[in-house]
Amino acid sequence: MKIRSIFTLSLLLVVLVSCNEKHKLTSYNQGINITPKPQNLVVNEGMFSLDNTTSFIVTDNKELKSVANFFTSKIKQSTGYELIVTNDNQDRNFISISLNPELALNEEGYTLESTSEGVFIEGTTAKGVFYGLNTLMQLLPAEIESQSKIDHISWQIPAVSITDEPRFPWRGFHLDVCRHFISVDQVKKHLDLLSIFKINKFHWHITEDQGWRIEIKKYPKLTSVGGTRTEADGSVHSGFYTQEQIKEVVAYAAERYIDVIPEIEMPGHALAALSAYPNLSCNEGTYTPRIIWGVETDVFCAGKDEVFAFLEDVIEEIVPLFPYQYYHLGGDESPKERWKTCNRCQTRMNTAGLHDEHELQSYFMNRMEGVLKKHGKKMVGWDEILEGGISDTANVMSWRGEEGGIAAANAGNDVIMAPGAWLYLDKYEGDYKIDPVTIGGLLPIEKVYGYEPIPTDIDSSKAHHVLGAQTTMWSEYIYEETLSEYRMYPRAIALAELTWTNKDKKDYKDFERRLNNQMVRMDGHDINYYIPLPEGPTSHIAFIDSAVLEFTTPRPVDRIVYTLNKSEPNLDSKVYSGPLVFDQDVTIKIASVLPQGKMSKVRTIKVEKQTLSPSIDKEQIAPGLITKTAYGKFLSTADLNSIDSWTEKQIDSLGEANRTLHWGFVIDENRFRAEVIEGYIDIPEDGVYFFSSNQDQVWIDNALVVNNDGYVKRFSQNDGSKALAKGLHKLKVIYLNNVYRGWASDWNTIEVKFRKSTHEEFKPITSEMVYRDGTDKSELLTSNQ
Ligand code: ACM
Ligand code: ZN
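Scope of this entry: the structure provided in the associated data block. (Residues numbered from 1 in each chain as written. Chains lettered and ligands numbered in written order. Predicted model: local features only at pLDDT ≥ 70, side-chain atom pairs only at ≥ 80, totals over all residues. Heavy atoms only, no water.)

Before going further, it helps to examine the nonpolar core. One finds W204, F300, F322 and F364 to be the most contacted residues of the largest nonpolar core, which totals 130 residues. Setting aside residues no more than four positions away along its own chain, F322 makes contact with W204, I206, I214, I246, V250, V260, P262, Y327 and K377. Counting residues in each nonpolar core, the second largest holds 38 residues, with I34, V43, I153 and W155 among its members. (Core = buried A, V, L, I, M, F, W, Y, C linked by side-chain atoms within 4.5 Å. Buried < 20%, exposed > 50% of the residue type's maximum accessible area, 1.4 Å probe, protein only. Contact = heavy atoms within 4.5 Å.)

If you trace the backbone, S642 turns up in the loop between β26 (625-631) and β27 (647-651). In the structure, S642 is positioned 504 residues away from Q138 in sequence and 61 Å away in space, judged by C-alpha atoms. In this structure the side chain of S642 is engaged in a polar contact, spanning 2.7 Å, whose partner is the backbone oxygen of D639. (Helix = DSSP H or I, 4+ residues; strand = E, 2+ residues; numbered from the N terminus. Polar contact = N/O pair within 3.5 Å; in protein donor to acceptor, adjacent residues only side chain to side chain.)

The next point concerns the coordination of the zinc ion (ligand 2). Distances from the zinc ion (ligand 2) to its protein donors, C282 (SG), C301 (SG), C342 (SG) and C345 (SG), fall within 2.3 Å. For the zinc ion (ligand 2), the four donor atoms in the first shell make angles of 105 to 115 degrees at the metal, a pattern classed as tetrahedral. Between consecutive donor residues of the zinc ion (ligand 2), the sequence gaps follow C-x18-C-x40-C-x2-C. Assigned by exposure class, C342 and C345 land together as buried. (Donors = N, O, S within 2.8 Å, 3.2 Å for Na, K, Ca; no water. Tetrahedral: all angles 85-135°; square planar, octahedral: opposite > 155°, others 65-115°.)

This part takes up helix α17 (residues 508-524). Spanning 17 residues, α17 covers 24 Å between terminal C-alpha atoms, matching the ideal 24 Å at 1.5 Å per step. N516 marks where α17 bends most, by close to 35 degrees. Counted residue by residue, α17 has 13 buried out of 17 residues, so it is predominantly covered. Where α17 begins, the side chain of D507 points an oxygen toward the backbone nitrogen of K509, at a separation of 3.2 Å. D526 occupies a position one or two residues after α17 and carries a positive phi of about 55 degrees. (Expected span 1.5 Å × (residues − 1). Bend = angle between axes of the 7 residues up to and from the residue.)

We now examine the pattern of salt bridges. Counting across every chain of the model gives 43 salt bridges. Between K304 and E284 there is a salt bridge whose closest N-O contact spans 2.5 Å. With K304 in the loop between α7 (271-276) and α8 (305-318) and E284 in the loop between α7 and α8, the pair connects residues that are 20 residues apart, well separated along the chain. According to the relative accessible area criterion, K304 is buried, its value standing at 3%. Note that E685 and K756 form a salt bridge whose closest N and O atoms lie 2.9 Å from each other. Here the residue E685 occupies a position in the loop between β28 (673-683) and β29 (687-693), and K756 occupies one in strand β36 (residues 752-756), the gap between them amounting to 71 residues. Bridged by salt links that share partners, the residues D176, R179, E208 and E476 form one connected network. (Salt bridge = Lys/Arg side-chain N within 4 Å of Asp/Glu carboxyl O.)

Shown next, in the form of structure tokens:
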């Protein structure tokens with residue numbers, strides 16, 4: 001048999017195209033696209049054609065039969081073919097699956113041999129066969145993942161020989177369903193998609209400060225009280241899974257060979273539980289599920305036995321729901337303030353001989369690990385559990401960095417790597433000024449792909465303690481369910497490859513090429529995946545003589561298209577090929593196009609010719625600003641119309657208008673207010689200036705330059721620009737101290753940043769640049785002093 005490289009296969013395909021139009025492959029279906037990339041693959045000569053008479057040969061094994069049925073029903077959806085599952089051998093036109101315990105592969109490994117006659121798949125287990133069939137699906141055109149019948153496709157499989165097994169046994173993803181609830185259907189959608197990529201662990205984060213999301217029959221208030229929060233704007237967020245729904249999802253995952261790890265958070269991130277049962281706290285206050293993001297001070301009391309009894313009951317109720325051996329008990333971000341002043345917690349420390357509150361947390365986690373052990377389960381905890389010492393059997397999930405994972409593995413504990421810098425998918429994949437708001441930080445897919453789960457600081461004799469790696473999807477900013485798809489895909493596919501494929505076989509450029517095929521598979525599942533957008537210019541560009549706009553995409557796309565006549569761009573629109581130059585007003589509508597012809601969302605950019613706004617001539621001027629304050633709950637600047645009395649004071653700088661900055665563990669509604677800060681800004685030289693701010697509005701010379709009304713004031717997405725002459729210009733900044741969609745604006749420093757169009761970097765407007773009307777002769781200054 002002649003061995004050919006993938007490159008030669010592409011050439012072969014080109015030849016085939018000229019021989020037979022039916023075999024014409026779209027660009028994204030050319031070559032080998034299996035993801036994660038198999039460990040060993042040889043391309044042979046020939047093609048296997050799947051058709052309505054192909055039979056699925058299965059030995060008499062119940063589990064293999066259900067695996068076969070799983071794939072025949074998928075294949076039927078897209079091809080319309082009703083493949084017969086049989087145990088009769090055939091000479092040709094067959095897909096044969098069988099178990100072979102003799103294979104020198106791990107329990108998830110498989111071999112696949114396809115020829116023009118048929119396909120043989122063998123696994124050491126049914127799970128291995130399942131992965132072999134997933135690989136077979138990935139040898140077919142990407143449209144095989146369609147949920148509806150596709151005509152005019154030749155369902156061909158290249159002849160290959162594959163021997164494959166994963167590098168790591170833990171290839172996971174995590175979903176926080178607490179900050180924003182995620183429905184059963186949406187969870188299933190993730191399971192469906194990720195199983196294609198041989199992901200095998202689902203870490204389900206089901207309890208939090210902001211909501212308790214699993215029915216516990218013995219403690220109904222966990223969901224009736226702890227499952228609902230009413231936010232500061234009156235919006236209500238609720239949702240939980242019944243035990244029946246949990247079973248349904250766990251079974252759905254099992255059908256896809258995905259194990260489900262529940263996470264019950266303790267001792268922190270427990271405010272929803274304390275709201276339902278305040279007796280479980282140190283202070284026994286009146287609580288409600290937390291309505292802002294961040295970390296809560298009130299935690300489970302470590303001094304009360306009733307807390308342990310409660311948690312034991314919860315574990316006992318969920319054990320029948322989650323058959324997998326690993327259970328996650330949280331352990332992260334648990335402030336110690338309450339324990340320090342709680343008599344019961346202090347008594348516990350004395351009687352148990354604990355030196356500090358970290359050891360008290362270890363006591364807590366060890367005691368609960370003991371409960372899990374009674375049920376035959378293993379505990380996983382976030383890396384904070386290391387702080388007061390862990391048992392020999394605890395498993396550590398390293399998230400704050402790799403250090404926790406390194407220390408735990410070197411100490412002989414098993415670890416799962418989930419370091420935020422590489423694997424937290426609540427970071428931006430593109431420009432934060434363009435993408436939907438999220439927690440912050442840039443995480444390009446190439447960085448995810450490049451993650452190596454075994455850091456060099458792990459002793460080579462301990463490397464086997466790294467079970468694998470997983471991504472996390474925290475849901476604070478998942479304001480709509482499908483944003484979880486936008487954040488996870490395609491980056492979670494990079495995790496699939498880095499945990500499956502050996503390090504020396506990885507190749508980012510080839511992975512990037514294969515993504516074009518995988519995106520079509522995701523289309524089949526109606527996934528709202530991230531599509532690289534044309535980046536560079538923000539949404540408003542002022543200019544004086546001419547404007548030059550240059551666009552790039554974070555990852556290659558097929559092309560960028562645009563219009564200049566306000567119509568929506570389509571596949572036939574003008575193709576962007578280099579910087580655009582304008583000398584008059586124009587509205588650009590611009591989008592990316594993927595190889596399959598799918599378009600990104602459309603960006604709209606206003607390009608506006610301006611003349612320099614003249615500076616203001618002021619005789620009496622003094623350093624500083626005036627801020628007007630009105631207390632109350634204001635969610636948008638329109639609400640300010642209802643204010644009829646303001647108090648006024650002088651301040652030295654913009655930042656001084658919010659001296660209450662505080663990463664608040666509690667919200668002090670007494671601070672809710674509006675600040676309207678007015679004065680003048682001294683512009684250093686003639687030019688076009690860009691302004692950026694996380695405050696509600698910024699006005700320059702009575703023009704609204706930044707308008708964040710209706711946005712979460714986390715990162716300015718509404719930078720504006722204005723042509724300004726050197727000298728003084730009116731400045732007005734509106735700041736609303738409120739909580740909007742979980743974001744407390746108290747967390748922002750009041751700041752406006754600016755840059756001249758010829759500079760790259762934004763700088764803050766400093767106290768040296770701001771002035772107010774002067775009334776006192778002694779304050780007399782001029783703008784150029
Ligand atoms: C975490 O991100 N707090 C585990
Ligand atoms: Zn206590």
